[in-house]
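# Breakdown of the fold
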Number of protein chains: 2
Amino acid sequence: MNHESSLVNLLTDRLIAGELRPGARLSEAALAKEFDVSRNTLREAFRVLGEQGLVNHIPHRGVSVASPNTSDVIDIYRVRRHIECSVLENAPKNHPGAEQMRRAVETAHSAAAADDWLRVGTVNMAFHNALVSLSDSTRLMRSFGNVLAELRLAFLKVEVLDFLHAPFVERNQEVLDTYLDESPSAAAAKLGAYLGDSERQVLGAYARAGQD
Amino acid sequence: MNHESSLVNLLTDRLIAGELRPGARLSEAALAKEFDVSRNTLREAFRVLGEQGLVNHIPHRGVSVASPNTSDVIDIYRVRRHIECSVLENAPKNHPGAEQMRRAVETAHSAAAADDWLRVGTVNMAFHNALVSLSDSTRLMRSFGNVLAELRLAFLKVEVLDFLHAPFVERNQEVLDTYLDESPSAAAAKLGAYLGDSERQVLGAYARAGQD
DNA sequence: AGTCTATTCTTGTTGAACAATCCATGCTAG
DNA sequence: CTAGCATGGATTGTTCAACAAGAATAGACT
């Protein structure tokens, strides 16, 4: 088995699960021991995660879990608007990715009904990843996936990832329906408004939590 | 001095300068000796470059310079269209980034006059990076920069990076003028056509060179 | 020729070691 | 008492040597 790549996955899982909290310092010695790998191997994984934006690396000061501040959140939503809206606007009809979106919405509904908000958050990520897959661009999906993972850390930071997602289950549905039944550009417009509202919600949570 | 980060820069420079040709295998032992660093340090740099898409890493088979094939080129231009057009479309008037674009166009003209096509290529990259900076998004610039660097490798692969850029000096100028004097959306439309033509040129060169 | 196998080379990973830098502590001087 | 300064301890940066593991090559055999 290839240790290093699965180590990245392992770390990523813990990061987006919130086990390694935003801002937490990641000691090389401690983590190497915990995951039973050498420091060198761990450092290679750190470089990957650093390039993905999930951890922050300051020379001689070590690696810490990314802890997006207000301007990071704003930047992330800038990216989301540019990429998601552009992709949806130019999406062809009858793209297979739409099926994945539909499934995500479906799962989100049942998860919301069960009050499993953590799951709703995960499925929400899946929905928007599926949306970007309408572009048929692996590079766009990769970059977007990184940004979305970073946003997940922002949610974790203010610890309100649950009800923040609540109103957006329905709006995902609307965006999908508009794309399917009306037009891509109409859907893109709705998505733009969606993202604006979502951004405001997150920034509001930041303000309440007194985060910068 | 921080070896590792400057090592990444060093390698990046050699890659986009074409000293390390696309597809070339990068032996750990050889490169470690050449740059006078340890294998471990070099491997950390490799992980960063791999995440940026500049090198390809296959487990147990080592690292080689990325060698974009036809579908990679197509994917890269998909990303360019989505990002560049969206950014330009939504760009505010009087953004300071426009000044950088202007300077790039200027430099490109004089470099073209001096038949320094390699420099024209570099400046062309600067122009489009400046264009994306109109988004004020550091993440978008970072992702886009990676994709553009990868495209540079595509040019190097077919060894025609010189005159491929020739017709586009003038079109950069047009896009900039349209953005400044007319409207962002008119400029975005021109840019879209620009990118379509550019893509066709590159794919044509690939076909001529018999590359897949 | 084709395939199997043995050898060889490269990468994957480790542990230990030391240098370089940061950080916290306590001290000194003003 | 505070501002700086020295000191020591901890962490990261980097190297090296070694071995395990997988891949590539060459040769033997059918």
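This is a predicted model, so every value here is computed, not measured.

Reading guide: rules and limits
- Residues numbered from 1 in each chain as written.
- Chains lettered and ligands numbered in written order.
- Predicted model: local features only at pLDDT ≥ 70, side-chain atom pairs only at ≥ 80, totals over all residues.
- Heavy atoms only, no water.
- Near = heavy atom within 4 Å.
- Polar contact = N/O pair within 3.5 Å; in protein donor to acceptor, adjacent residues only side chain to side chain.
- Helix = DSSP H or I, 4+ residues; strand = E, 2+ residues; numbered from the N terminus.
- Nonpolar A, V, L, I, M, F, W, Y, C, P; charged D, E, K, R; others polar.
- Domains from an automatic or database assignment.
- Contact = heavy atoms within 4.5 Å.
- Buried area = accessible area lost by both parts, 1.4 Å probe.
- Least-squares fit on C-alpha atoms with pLDDT ≥ 70 in both.
- 1 Å grid on protein atoms, 1.4 Å probe; cavity = no way out; pocket = protein on both sides within 12 Å on 5 of 7 lines; lining within 4 Å.
- Points joined across faces, edges and corners; volume = space filled by probe spheres on them.

Taken together, the neighbourhood of DNA strand D is formed by 23 residues, with R39 and R43 of chain A together with H3, S38 and T41 of chain B sitting nearest. For DNA strand D, the fraction of protein-proximal atoms (within 4 Å) that sit in sugar or phosphate groups is 73%. Between DNA strand D and R25 of chain A there is a distance of 3.0 Å, counted from a sugar or linking oxygen to a side-chain nitrogen or oxygen. Elements supplying a minimum of two residues to the surface near DNA strand D: β1 (25–26) and α3 (39–52) of chain A together with α1 (3–17) and α3 (39–52) of chain B. Per-element tally for the surface near DNA strand D: the top contributor is α3 of chain A, with four residues. When the residues that make up the surface near DNA strand D are grouped by side-chain class, the tally is three nonpolar, 11 polar and nine charged.

Residue and element names in this part refer to chain A. Domain assignment breaks chain A into domain 1 (3–65) and domain 2 (70–209). Between domain 1 and domain 2, the contact holds nine residues from the first and eight residues from the second. Surface buried jointly by domain 1 and domain 2 totals about 810 Å² across both partners, of which 63% is contributed by carbon and sulfur atoms. Taken together, the connections running from domain 1 to domain 2 amount to one residue pair in polar contact (both at pLDDT 80 or more). Looking at the side of domain 1 that touches domain 2 residue by residue, the class counts come to five nonpolar, three polar and one charged.

Rotating chain B by 180° and moving it 0.0 Å along the rotation axis overlays it on chain A with an RMSD of 0.1 Å. As the rotation angle and translation indicate, the two copies are arranged about a two-fold axis. For chain B, the smallest separation between a C-alpha atom and the rotation axis is recorded for E44 of chain B, amounting to 2.5 Å. Comparing interface residues between copies, 100% of those in chain B also lie at the interface in chain A; the contact surface is shared.

Of the volumes computed, that of the largest pocket is approximately 610 Å³. Lining of the largest pocket is provided by 30 residues; of these, V48, Q52 and R142 of chain A together with G50 and E51 of chain B occupy positions nearest its centre. Listed by contribution, the elements that provide at least two residues to the lining of the largest pocket are α1 (3–17), α3 and α7 (138–158) of chain A together with α3 and β2 (55–58) of chain B. Among the elements that take part in the lining of the largest pocket, α1 of chain A stands out by supplying seven residues, more than any other. Classifying every residue of the lining of the largest pocket gives 10 nonpolar, 12 polar and eight charged. Looking at the second largest pocket, its volume works out to about 510 Å³. Lining the second largest pocket are 25 residues, and of these G50, E51, V55, N56 and H57 of chain A sit closest to its centre. For the lining of the second largest pocket, the secondary structure elements donating two or more residues are α3, β2 (55–58) and β3 (62–65) of chain A together with α1, α3 and α7 (138–158) of chain B.

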